[in-house]
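These are the residues of each chain, in order.
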Amino acid sequence: MRVLVVEDDEGIATGLQAHLGQLGWAVDLTDSVESAWTALCVEPFDLVLLDLGLRDGDGAEVLRRLRRAPAGRLPDASTPVLVMTARDQVAARIECLDMGADDYVTKPFDPDELAARMRALRRRSVGRAQPLIHAGALEIDPASRSVRRDGQPVELSAREFGVLLALLEVRPRVLSRPQIEARLYSWDKALDSNAVEVHVHHLRRKLGDTVIRTLRGVGYFVPEDKA
Ligand code: CA
């Protein structure tokens, strides 16, 4: 999952980046309305964590612009937004929810609760009610980042898990290599040009050849289970 954090308190921002990064998510930081808007215009994000009091204005302005964006291109108007507010900002929370925010937390928040809310938003945004994902002989738990194959645990690296989850969330659609990379890597992470191929190779070795298919010249996909 690729996350944009919009927060001008450096301590909170870097703390979020560290905590969410440990969960295998790619986290980019911006600290103003304008830098957040620029980021949303050039990169696809799966979720936005939005602070309201930013150094150049009200974070709600990012939300307002995002929800008014035209469909079919960046910025993606349907991107889930989770607002981070102070405990006494009740009116601002109501305004943001009515403006199209999907959820909120009040500061100070528990990072594990925030992560669980983010997983819940992600489930909803990809149209999935069940917390566990099943594909053939596999059972995937995004919360514990664990995978079982025929009931037996399989060890995956954080990146391998990220590739698998990205493909499962859009199953059976095809993701190109750049689309997978955009979900896995934030701006500050250099990546090898063949990193995705290497992860897919390892995933096939651990999970079997039939889970992740290649559509030559286009990308990768996980087919639907046969009825
Ligand atoms: Ca702030």
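Everything discussed here concerns the structure shown above.
Residues numbered from 1 in each chain as written. Predicted model: local features only at pLDDT ≥ 70, side-chain atom pairs only at ≥ 80, totals over all residues. Heavy atoms only, no water.

S.K.: Break down the coordination of the calcium ion for me, citing the residues and quoting the values.
M.R.: Distances from the calcium ion to its protein donors, Asp8 (OD), Asp51 (OD) and Gly53 (O), fall at 2.3 to 2.4 Å. Binding-site remark: the calcium ion is held by donors from one chain whose sequence spacing is D-x42-D-x1-G. Taken together, the positions of Asp8 in the loop between strand 1 (2–6) and helix 1 (10–22) and Asp51 in strand 3 (residues 47–51) put the pair 43 residues apart, joining distant regions of the chain. Assessed through its relative accessible area of 7%, Asp51 is described here as buried. (Donors = N, O, S within 2.8 Å, 3.2 Å for Na, K, Ca; no water. Helix = DSSP H or I, 4+ residues; strand = E, 2+ residues; numbered from the N terminus. Buried < 20%, exposed > 50% of the residue type's maximum accessible area, 1.4 Å probe, protein only.)

S.K.: Requested: an account of the layout of surface pockets, with residues and values cited.
M.R.: In this model, the largest pocket occupies a volume close to 480 Å³. Around the largest pocket, the lining is made up of 24 residues, and of these Pro44, Phe45, Asp46, Asp76 and Arg183 lie nearest the centre. Elements that contribute at least two residues to the lining of the largest pocket include exactly helix 5 (111–125) and helix 7 (177–184). Looking at the lining of the largest pocket element by element, the count peaks at 3 residues for helix 7. Grouping the amino acids of the lining of the largest pocket by side-chain chemistry returns 12 nonpolar, 5 polar and 7 charged. Mapped onto the domain boundaries, the lining of the largest pocket takes at least three residues apiece from domain 1 (2–125) and domain 2 (133–221). Roughly 260 Å³ of internal volume is contained in the second largest pocket. Lining the second largest pocket are 15 residues, with Gly136, Thr210, Val211, Pro223 and Asp225 positioned closest to its centre. Classifying every residue of the lining of the second largest pocket by side-chain character gives 7 nonpolar, 2 polar and 6 charged. (1 Å grid on protein atoms, 1.4 Å probe; cavity = no way out; pocket = protein on both sides within 12 Å on 5 of 7 lines; lining within 4 Å. Points joined across faces, edges and corners; volume = space filled by probe spheres on them. Nonpolar A, V, L, I, M, F, W, Y, C, P; charged D, E, K, R; others polar. Domains from an automatic or database assignment.)

S.K.: Describe the packing of helix 6 (residues 158–170) against helix 8 (residues 195–207), with residues and values.
M.R.: For the pair helix 6 and helix 8, interaxial distance at closest approach is 9 Å and the crossing angle is 85°. In terms of axis orientation, helix 6 runs roughly perpendicular to helix 8. Only His199, Val200, His202, Leu203, Lys206 and Leu207 of helix 8 make contact with helix 6, whose side of the interface consists of Arg159, Glu160, Val163 and Leu164. Classifying every residue of the contact of helix 6 with helix 8 by side-chain character gives 5 nonpolar, 2 polar and 3 charged. (Axes fitted to C-alpha atoms, helices over the stretch in contact; angles between N-to-C directions. Parallel < 35°, antiparallel > 145°, perpendicular 65-115°, else oblique. Contact = heavy atoms within 4.5 Å.)

S.K.: Pulling in residues and values, what's your account of a negative patch on the surface?
M.R.: A cluster of acidic residues, Asp8, Asp9, Glu10 and Asp56, forms a negative patch on the protein surface. Since its relative accessible area comes to 32%, Asp8 is described here as partly exposed. (Patch = residues over 30% accessible without salt bridge, like charges linked within 9 Å, V, L, I, M, F, W, Y side chains within 5 Å. Areas by Shrake-Rupley, 256 points an atom, 1.4 Å probe, with all protein chains shown as cover. Salt bridge = Lys/Arg side-chain N within 4 Å of Asp/Glu carboxyl O. Lys, Arg positive; Asp, Glu negative; His and termini not counted. Charge placed at Lys NZ, Arg CZ, Asp CG, Glu CD.)

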